[in-house]
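Given next are the chains, with one letter for each unit.
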Amino acid sequence: MDHEADAHRTDLMTITRHVLNEQTKYPESRGDFTILLSHIVLGCKFVCSSVSKAGLAKLFGLAGETNIQGEEQKKLDVLSNEVFVKALISSGRTCILVSEEDEEAIFVDRSKRGRYIVVFDPLDGSSNIDCGVSIGTIFGIYLVKDEDNPTIDDVLQAGKNLLAAGYCMYGSACTLVLSTGSGVNGFTLDPSLGEFILTHPNIKVPKKGKIYSVNEGNAKNWDEPTTKFVEKCKFPTDGSPPRSLRYIGSMVADIHRTLLYGGIFLYPADKKSPNGKLRLLYEVFPMSYLMEQAGGQAFTGKQRALDLVPGKIHERSPVFLGSYDDVEEIKALYAAAN
């Protein structure tokens with residue numbers, strides 16, 4: 001028996017321990033941020049459990065309502081939204097919540113109010129639930145300007161102002177990827193302990209990748225730079241091998257693969273969706289933040305994604321994000337087209 005290996009296994013870096021370690025770097029910290037993150041983690045555990053039991057508990061299928069985006073809501077969408085809203089409010093550390101499932105922002109009652117704003121997509125990729133494809137929760141955290149008088153303008157901040165962002169992927173394993181502004185770390189849920197354990201410390205996206213990820217079904221509506229880029233991926237003119245196409249259609253799963261293996265994820269604007277399809281606040285911003293923290297880039301076709309300032313809470317944007325060199329290529333094509 002390998003006692004030395006066993007001894008190492010008992011010294012587990014849980015997500016709680018990791019966040020507390022981060023907290024010690026800020027002597028002025030009151031622990032509010034740590035408490036908020038622990039409530040987000042609890043929400044992720046609950047949703048993970050519900051996703052794994054969904055078929056047995058009859059949580060598949062539509063709930064009969066349509067959300068603000070015009071998408072028919074799945075029962076799991078509705079449940080996940082309720083879980084996160086309740087977990088965030090009960091933390092006593094939030095003042096405004098913006099969910100993909102709710103038309104209006106939620107202003108927390110004064111008695112439970114804190115200084116953080118949380119933007120989130122409670123269950124991204126939910127159209128894939130019934131066929132077992134990975135789905136996930138995406139979130140971002142901002143600081144309110146005036147805790148006593150929070151307004152919708154506090155939410156409409158550039159992505160570069162995020163304090164933290166992350167996602168939790170419910171797939172073959174339950175994986176939570178988080179950045180609090182000093183690198184990206186990945187944690188995997190150990191079901192026997194009920195704890196997220198650090199399994200992917202200091203994730204760095206490769207500088208250049210061999211994969212491109214895009215919905216090619218929209219190709220006839222693309223603009224010229226996107227068309228040229230994808231053509232170059234398939235038919236390189238410099239003698240390099242063609243890139244592999246990998247597209248899951250669940251943003252969390254596609255971004256997770258891009259973070260670990262490198263490459264580029266594209267959701268461009270097109271004739272059908274001139275403003276792009278992905279929502280800025282709780283899809284584009286958190287994922288762009290993580291990608292930059294891991295050494296990659298995120299670009300909208302016009303500017304750095306995190307420099308955008310949304311005009312409304314459910315605003316959409318095109319996005320190209322992934323390995324640094326791959327995004328440089330698409331930036332050069334857009335620069336040449338203008």
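Just so it is clear, the structure is predicted and the values come from calculations on it, not from any experiment.

Some words on helix α4 (residues 75–90)
So, step 1. Here α4 is 16 residues long and its end C-alpha atoms lie 23 Å apart, about the 22 Å a rise of 1.5 Å per residue gives.
So, step 2. All buried positions along α4 are accounted for by Leu-76, Asp-77, Ser-80, Asn-81, Val-83, Phe-84, Val-85, Ala-87 and Leu-88.
So, step 3. In the stretch just after α4, Gly-92 is the one whose phi turns positive, near 70°.

Comments concerning the sheet that holds strand β12 (residues 244–245)
So, step 1. Here five strands make up an open sheet; going across it, the order is β12-β11-β13-β17-β15 and the pairing mixed. A strand with exactly one partner marks an edge of an open sheet, and here the two such strands are β12 and β15 (297–299).
So, step 2. Relative to strand β13 (residues 264–267), strand β11 (residues 211–213) runs parallel, the two sharing two bridges. Counterpart to Ser-213 in the pairing with β13 is Phe-265.

A closer look at the domain arrangement of the protein chain
So, step 1. What the domain assignment reports for the protein chain is domain 1 (10–200) and domain 2 (211–337).
So, step 2. One C-alpha centre belongs to domain 1, the other to domain 2, and the line joining them spans 24 Å.
So, step 3. Contacts between the two partners involve 50 residues from domain 1 and, on the opposite side, 32 residues from domain 2.
So, step 4. Between domain 1 and domain 2, roughly 2800 Å² of surface is buried when both sides are summed, and carbon and sulfur atoms account for 66% of that area.
So, step 5. Per-residue buried area on domain 1 facing domain 2 is highest for Ile-138, Leu-156 and Tyr-167; these three make up 21% of the total on that side.

Side note on the UniProt feature "domain: Fructose-1-6-bisphosphatase class 1 C-terminal" (unreviewed entry) in the protein chain
So, step 1. Within this structure's numbering, the places UniProt gives as "domain: Fructose-1-6-bisphosphatase class 1 C-terminal" (unreviewed entry) are residues 205–334.
So, step 2. End C-alpha atoms of residues 205–334 are separated by 23 Å, and the span's content is 36% helix alongside 15% strand.

Observations regarding the packing of helix α2 (residues 15–23) against helix α3 (residues 32–53)
So, step 1. Running from amino to carboxyl end, α2 crosses α3 at an angle of 160°, the nearest separation of the two axes being 10 Å. Between α2 and α3, the crossing angle belongs to the class labelled roughly antiparallel. Every pair of crossing elements has a handedness; the one defined by α2 and α3 is right-handed. Within the contact between the two elements, α2 uses Ile-15, Val-19, Leu-20 and Gln-23 and α3 uses Thr-34, Leu-37 and Val-41.
So, step 2. Of the residues belonging to the contact of α2 with α3, the class tally is five nonpolar, two polar and no charged.

Quick notes on the rules
Residues numbered from 1 in each chain as written. Predicted model: local features only at pLDDT ≥ 70, side-chain atom pairs only at ≥ 80, totals over all residues. Heavy atoms only, no water. Helix = DSSP H or I, 4+ residues; strand = E, 2+ residues; numbered from the N terminus. Expected span 1.5 Å × (residues − 1). Buried < 20%, exposed > 50% of the residue type's maximum accessible area, 1.4 Å probe, protein only. Pairing = 2+ DSSP bridges. Domains from an automatic or database assignment. Contact = heavy atoms within 4.5 Å. Buried area = accessible area lost by both parts, 1.4 Å probe. UniProt positions renumbered as here; feature names shortened; annotations may be inferred. Axes fitted to C-alpha atoms, helices over the stretch in contact; angles between N-to-C directions. Parallel < 35°, antiparallel > 145°, perpendicular 65-115°, else oblique. Left-handed = near helix turned anticlockwise from the far one by under 90°. Nonpolar A, V, L, I, M, F, W, Y, C, P; charged D, E, K, R; others polar.

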